[in-house]
Amino acid sequence: MSDVVRTLVLALVACALGAVGGWFLRGYLTRRRLQRKQRFFGLPKESDCLLVVPRDPGARSWSLARHDAFALLELAAVVKECGAHAEVLAHDTAWQGFGARTEFCIGGPAANLRLAAHLRSMLPGVEINTDPTPGPDQGAITVGGETYRLEKGAVEYVLLARLAAAGDSGNDRPVFLSSGQRGIANQAATRYLARHHVRLARKYGVDGSFCLLLRVVNSQSYGSDVVELVADVSKAAAIAPKVGRPDRSPAA
């Protein structure tokens, strides 16, 4: 065998080994990314999760509002990629604890009673105005001493939270909350979660908890596409506000 042929054979072998090694490396990285995604969402292969949504108040029978349906489509893609299964439940039929299955709870506390219960028990530092009377504070979100008011079609806020339900019983699947001032804000939050889960997992850990305040900008023109992070309110949302004691000093 001449030197030229030997060199050519060695080059082909090196290329083949490089291609095989690259194929295995890509496969390993792909599997690792999927495993991290499954762990972040609490959705191992063949597991089950809950999608809890409010009923459409404008419909006579059980149905979803338009933007809630769009939010479910965003989540359905995540569930499918993780190889899990989803069950859609109306908010007033999800009578069970949390932690056994991953849960995605969508809607404001006025329309989604289960989400309201989650806010009271796990995010006591959040106050959302549920008064149906029209006014400047309708739907306003107060957290960390700041109040964020709705400007319909211009500025709409939404809380996006991942709450770890770790415990000794092994029921440690997370609960994801999307509590927006309008349905389009909930759609924007679920899209934000699906698109930025890698960055969120890197910052808070695949098992960590967080609560973010997002702002949807000019939804009347851009729909749910333009979303900004306003603040990380995880600490403020987890601590119940102090209630001042009444003055019991004797009258002069």
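Residues numbered from 1 in each chain as written. Predicted model: local features only at pLDDT ≥ 70, side-chain atom pairs only at ≥ 80, totals over all residues. Heavy atoms only, no water.

Participant: I tried to follow the overall build of the chain on my own but got confused; where do I start?
Facilitator: Per the secondary structure count, the chain includes six helices and ten strands. For the chain, the proportion of its 252 residues judged to be buried stands at 38%. Carbon and sulfur atoms make up 56% of the accessible area of the chain, which totals about 14600 Å². (Helix = DSSP H or I, 4+ residues; strand = E, 2+ residues; numbered from the N terminus. Buried < 20%, exposed > 50% of the residue type's maximum accessible area, 1.4 Å probe, protein only. Areas by Shrake-Rupley, 256 points an atom, 1.4 Å probe, with all protein chains shown as cover.)

Participant: How do you make sense of the environment of Asn186 when you look at a structure like this?
Facilitator: Examined against the element boundaries, Asn186 turns out to sit in helix H4 (residues 183-204). Judged by relative accessible area, which is 2%, Asn186 ranks as buried. Sequence-wise, Asn186 and Leu72 are 114 residues apart; in three dimensions their C-alpha atoms are separated by 9.9 Å. Not counting the four nearest positions on each side in its chain, Asn186 is found in contact with Asp68, Ala71, Ile106, Gly107, Gly108, Val158, Ser178, Ser179 and Gly180. (Contact = heavy atoms within 4.5 Å.)

Participant: Explanation requested: empty space enclosed by the protein in the structure shown.
Facilitator: Where empty space is left becomes clear once a probe the size of a water molecule has been rolled over the atoms. The full count for this structure, using the stated rule, is one cavity of 30 Å³ or more. If you go around the largest cavity, the residues you meet are Leu75, Phe104, Cys105, Ile106, Leu160, Phe176, Leu177, Ser178, Thr190 and Leu193. Elements supplying a minimum of two residues to the lining of the largest cavity: strand E3 (102-106), strand E8 (175-180) and H4. Here the residues of the lining of the largest cavity sort into eight nonpolar, two polar and no charged. (1 Å grid on protein atoms, 1.4 Å probe; cavity = no way out; pocket = protein on both sides within 12 Å on 5 of 7 lines; lining within 4 Å. Points joined across faces, edges and corners; volume = space filled by probe spheres on them. Nonpolar A, V, L, I, M, F, W, Y, C, P; charged D, E, K, R; others polar.)

Participant: Looking at this structure, I do not really get the sheet that holds strand E5 (residues 141-143). What am I missing?
Facilitator: What links the strands of a sheet is backbone hydrogen bonding, and the strands pair in either a parallel or an antiparallel sense. Spatial strand order, E4-E5-E6: three strands in an open sheet with antiparallel pairing. For this open sheet the edge positions go to strand E4 (127-128) and strand E6 (146-148), each flanked by a neighbour on one side alone. Where E5 and E6 come together, three bridges link them in antiparallel fashion. Bridged to Val143 within E6 is Glu146. (Pairing = 2+ DSSP bridges.)

Participant: Got a minute to help me understand helix H3 (residues 113-122) in this structure?
Facilitator: Note on helix geometry: an α-helix contains 3.6 residues per turn, so any two residues three or four positions apart are oriented the same way. Along H3, the residues that are buried comprise Arg114, Leu115, Ala116, His118, Leu119 and Met122. Residues of H3 that are buried make contact with strand E1 (48-53), E3, E4, strand E7 (155-163), E8 and helix H6 (234-238).

Participant: Would you mind going over unusual backbone geometry with me for this structure?
Facilitator: With glycine set apart, most residues show a phi of negative sign, and most peptide bonds adopt trans. In this model, Glu46 sits at a positive phi of 70 degrees, which is unusual for a non-glycine residue. Considering the arrangement of structural elements, one finds Glu46 in the loop between helix H1 (3-41) and E1. One non-glycine residue with positive phi stands out, namely Asn218, at about 50 degrees. Along the chain, the position of Asn218 falls in the loop between strand E9 (210-217) and helix H5 (219-222).

Participant: Explain the layout of surface pockets to me, please; I cannot follow it from the model alone.
Facilitator: For the largest pocket, the calculated volume is near 610 Å³. Lining the largest pocket are 28 residues; nearest its centre among them are Gly108, Ala111, Gln181, Arg182 and Gly183. At the level of elements, helix H2 (66-82), E8 and H4 are the ones that each hand at least two residues to the lining of the largest pocket. When residues of the lining of the largest pocket are assigned to their parent elements, the largest contribution, three residues, is made by H2. Across the lining of the largest pocket, the residue classes tally to ten nonpolar, twelve polar and six charged. Of the pockets and cavities examined, the second largest pocket occupies roughly 260 Å³. Taken together, Thr30, Arg33, Leu34, Arg36, Lys37, Phe40, Glu81, His197, Val198, Ala201 and Arg202 make up the full set of residues lining the second largest pocket. At the level of elements, H1 and H4 are the ones that each hand at least two residues to the lining of the second largest pocket. Ranked by the residues each element gives to the lining of the second largest pocket, the list is headed by H1, at six residues. Grouping the amino acids of the lining of the second largest pocket by side-chain chemistry returns four nonpolar, two polar and five charged.

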